[in-house]
Every structure is written in C-alpha cells, then in structure tokens.
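A closer look at the structure
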Amino acid sequence: MITSVSDTTRVVYKRVVKPILFKQQPDAVHRHMLRTASVCQRSVLVRTAMRTAWAYRDDTHLSQTLHGVTFTNPIGLSAGFDKNFELPPTMKAIGFGLMEGGSITYRQCSGNPRPWFHRLPKSKSLVVHVGLANDGAAPILERILLYPTRTFDSFPLNISVAKTNSKLASTDEEAVKDYVGSLELIKAKGVGELVTLNISCPNTYGGEPFTTPERLEMLLAAVDEVQLVQPVFIKMPINLAWPDFTALLRVAATHNVAGVTIGNLQKQRNDLQDRLSEKIQGGLSGKPTYALSNELITRTYKSFGDRFTIIGVGGVFSAEDAYTKIKLGASLVELITGLIFEGPQLVGQINQGLVRLLQADGYANISEAIGAAHRPVARRSA
Ligand SMILES: Cc1cc2nc3c(=O)[nH]c(=O)nc-3n(C[C@H](O)[C@H](O)[C@H](O)COP(=O)(O)O)c2cc1C
C-alpha cells in the first residue's frame, strides 16, 4: 500500500537528496548508487521497507497479460540503468511491473571513455555516451540465474541485446553473429520473459547498421532461426523520418517480432534550456525525447494496429506522461530519467496516478485505455 511516506520521500528527495547528488559528477553517483543498492537489496527488511513505502499494487486496474506474460503494472525500468542486471530485487521492491536490463552484448565491453553522463537539469535530460559497457552476455545471464526464482514472480525481465561495441563486430555478418550469439545463450539458459533487440544505440563503433530495411531484414531472418520462446521486441531509433521508420516496421512485421519499443535517445539538440558544448558527445534522454516518442507511438499504432505491441519510452516523469503514451497506443511504459530526477517513489506514484486516471475515464482495466486517443469517445448515458 502506498502511504504518505511516498509523498514525504518525494519532498525529501527533491529538497535534500537530489541537490546533494546533483552536485556530484553523474558517473560517480551512478556507480555509488549501484554499489549501495546491490548491498542493501540483500536484506529482506530493506526490500520490505521499500515495497511498503513506495510500491503500489492494484491488479484489478493495472494487471494485464501480453504474449502470455502477466504484468502486475505497466511501468518498467528502461534499458541502460542496470546494464549488468545487478538490481532486479531493488527494482521489484520499488514497484516496477517489469525491468529491461542491459543492453548486454555477446562480448564484454568497457564502453566509451568517461565521463559517460552529463546532466541538463533545466531540460530534464541527461547526455548519455556510455557505448554499451557491460560484463558480456554469458556472465550476466549466469548472474540472473543466481537470484532466487521468486525474485521474478510477478516481475518479468526484458533482456536488451545489442551488438558488441567493437571492431570485432563491424561487418554485417559479424554483427549478426554477435546478436545471435547472445540470443543462443539466452535460449540455452532459458532466462528472461521478453527479449529486445537494441538496433538503435547511437554511441557505438560502426553506428547503427541495422536501421536500414535491407540490413534489418538480414538481422531478423537470423533471429527467426534462433526460435526464441520469448516475445521479441525491437528498440527503435526516434530520429528517423516517418517513411524510413515505417519501412523498418514493415520489415519487422514479416518476422517473429511481437513488438517495438519507441524509442531510444534523442540525437537532435534543438530547444535545450541548458547550454551544451558541441564537444560533449552523446544522445539525450528525458524530456527532449517525449514529443517525438509520442508522435511515433501514435503513427505506429494507427498504421499497424495490434500487429505490434508497443512499449512507450521517453520523457516519462508523471502518471499523466505515462497515461498519454498508453492512450496513444503503448501497452507498457518504461523510464529511466524520471526515476533519477524524481526519486524512487515515482514508480508507485505513477501507478497510483494511473488508477485515478483510468477511473476518471471509466476504464475497468489498463488494457481498455491502450490506443483510446484514436477511438471515438463513447457517449456516456445520462
Ligand atoms: C544512463 C542511460 C543509459 C542508457 N543505455 C541504454 C542501453 O544500454 N540500451 C538501450 O536500449 N537504451 C539505453 N538508454 C536509453 C533508454 O533506455 C531510454 O530509451 C531513453 O533514456 C528515454 O527514456 P527516459 O527519458 O525515460 O530516460 C539509456 C539511457 C540512459 C539515461
């Protein structure tokens, strides 16, 4: 049950914790947070305290089953915050309904030179230039298997897979083999309820090779052959013009692809309210992604209907932001930057707010609101 502790946390986070954290270099804060949380989450007491204080559960309104996977609520952690799957117990305890970890890659990768992050507080954004640092697929999947199986009761894992950021995976054939290597490991270990192919990391060696129809066709043909039991999603870039974006969707529609995640980081730096030197490389998260993500969710839902399940990502800081993506066509919503800017109580507050918004619109369950913005408003009887 959510309590006033959640409201207190919001105020304490905004007025005390965030000002302290935001004075420190963001890479150091991220490292410190990972270390602290991975120690604290070992205590049942701490996990229970987090759940009691912050998580919000209302299965009647928020639970839904998609592709055979049940989600107790539609709010998930997006890829990139927990690249090595070190924090599933914490993410479950604070109330996420799913967690996308990674992106993992077949080979271990130490990423780009630091710093990886820059904060843009006025723009509610982060500049991200990590370059897919991660421990590598095999040890990460082993780590997931070490958690007690109950960790993943009512908490599906979405495993994000990308191409190793290295010269060793620079030709198309090598890159496809690299993705398939990770997927074969996932299949062999039987880990994860969903799998996402990240084809849109802007910060890597060789760029984003699978964002043309011909090359995406080549990748997806190889992925089909792996015959994963999990539903497969594709993490889409958001800076493609609609004809190019829809060309990728048309290719995906002919393959074993259950859905699309819309989308990744923003490459355009227009309209920022903070000054940002051109020397600082990286894509933008948070609010600068919001409008573009919403527009692409709308166009995808209108053009492809229920062919693709949509995971809406980008700039979600409130229940209203999440509800907007759901009404535009997203079945699930994932976030990172909102969590960093607003604090750990945000997840429960979004879920609580969603129930309020669903009730106000007369929906009995979240599934009724998906895509509702594109349907004529039902007339209520007087
Ligand atoms: C610190 C950080 C690291 C990220 N790393 C990845 C990644 O490894 N794979 C991926 O698909 N997206 C990655 N992203 C993009 C996010 O998953 C998400 O698409 C984007 O940040 C927009 O969501 P947000 O506004 O809620 O942060 C990363 C984002 C951030 C902020």
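Our structure is the block above this text.
What counts, and where the lines are drawn
- Residues numbered from 1 in each chain as written.
- Predicted model: local features only at pLDDT ≥ 70, side-chain atom pairs only at ≥ 80, totals over all residues.
- Heavy atoms only, no water.
- Near = heavy atom within 4 Å.
- Polar contact = N/O pair within 3.5 Å; in protein donor to acceptor, adjacent residues only side chain to side chain.
- Areas by Shrake-Rupley, 256 points an atom, 1.4 Å probe, with all protein chains shown as cover.
- Nonpolar A, V, L, I, M, F, W, Y, C, P; charged D, E, K, R; others polar.
- 1 Å grid on protein atoms, 1.4 Å probe; cavity = no way out; pocket = protein on both sides within 12 Å on 5 of 7 lines; lining within 4 Å.
- Points joined across faces, edges and corners; volume = space filled by probe spheres on them.
- Helix = DSSP H or I, 4+ residues; strand = E, 2+ residues; numbered from the N terminus.
- Buried < 20%, exposed > 50% of the residue type's maximum accessible area, 1.4 Å probe, protein only.
- Contact = heavy atoms within 4.5 Å.
- Salt bridge = Lys/Arg side-chain N within 4 Å of Asp/Glu carboxyl O.
- Pairing = 2+ DSSP bridges.
- Axes fitted to C-alpha atoms, helices over the stretch in contact; angles between N-to-C directions.
- Disulfide = S-S within 2.5 Å.

**A closer look at the site of the ligand**
Taken together, 23 residues lie near the ligand, and Ser78, Ala79, Ser103, Gly286 and Thr337 sit nearest. Within the side chain of Lys235, an N or O atom sits 3.0 Å from an oxygen atom of the ligand. Between an oxygen atom of the ligand and a side-chain N or O atom of Thr337, the distance comes to 2.5 Å. Burial of the ligand by the protein amounts to 97% of the accessible area it has alone, namely 600 Å². Class assignment for the residues of the shell around the ligand results in eight nonpolar, 13 polar and two charged.

**Some points on empty space enclosed by the protein**
Considering all chains together, one arrives at one cavity of 30 Å³ or more under this definition. There is about 80 Å³ of room inside the largest cavity. Forming the boundary of the largest cavity are 13 residues, of which Lys163, Tyr179, Asn198, Ile199 and Gly207 lie nearest the centre. The residue inventory of the lining of the largest cavity, partitioned by class, reads seven nonpolar, four polar and two charged.

**Section: the environment of Ile336**
Considering the arrangement of structural elements, one finds Ile336 in the loop between β13 (330-335) and α12 (337-342). The exposure class assigned to Ile336 is buried, which follows from its relative accessible area of 19%. In this structure, the C-alpha to C-alpha distance between Ile336 and Phe81, residues 255 residues apart in sequence, is 6.7 Å. Beyond its immediate stretch of four places on either side in the chain, Ile336 contacts Ser78, Ala79, Gly80 and Phe81.

**Remarks on the pattern of salt bridges**
Evaluation of the coordinates by the stated rule reveals 13 salt bridges. Here Glu342 ties to Lys14 by a salt bridge, and the two come within 3.3 Å at their closest N and O atoms. Residue Glu342 is located in helix α12, and its partner Lys14 is located in helix α1 (residues 4-21); the two are separated by 328 residues in the primary sequence. Between Asp59 and Arg57 there is a salt bridge; the shortest N-O distance is 2.9 Å. Among the charged side chains, a salt-bridge network with shared partners connects Lys14, Lys124 and Glu342.

**Observations regarding the sheet that holds strand β8 (residues 194-198)**
Spatially, the eight strands close up into a barrel ordered β3-β4-β7-β8-β9-β10-β12-β13, and their pairing is parallel. Direction aside, neighbouring strands of the sheet carry axes that sit 25° apart on average. Here four bridges tie β8 to strand β9 (residues 232-236), and the two strands are oriented parallel to one another. In the sheet register, Leu197 faces β9, and the bridge partner there is Ile234.

**Notes on the state of the cysteines**
For the coordinates displayed, the defined rule picks out zero disulfides. In this structure Cys109 is a free cysteine whose sulfur lies 9.6 Å from that of Cys201, the closest cysteine sulfur available. For Cys109, a relative accessible area of 9% gives the class buried.

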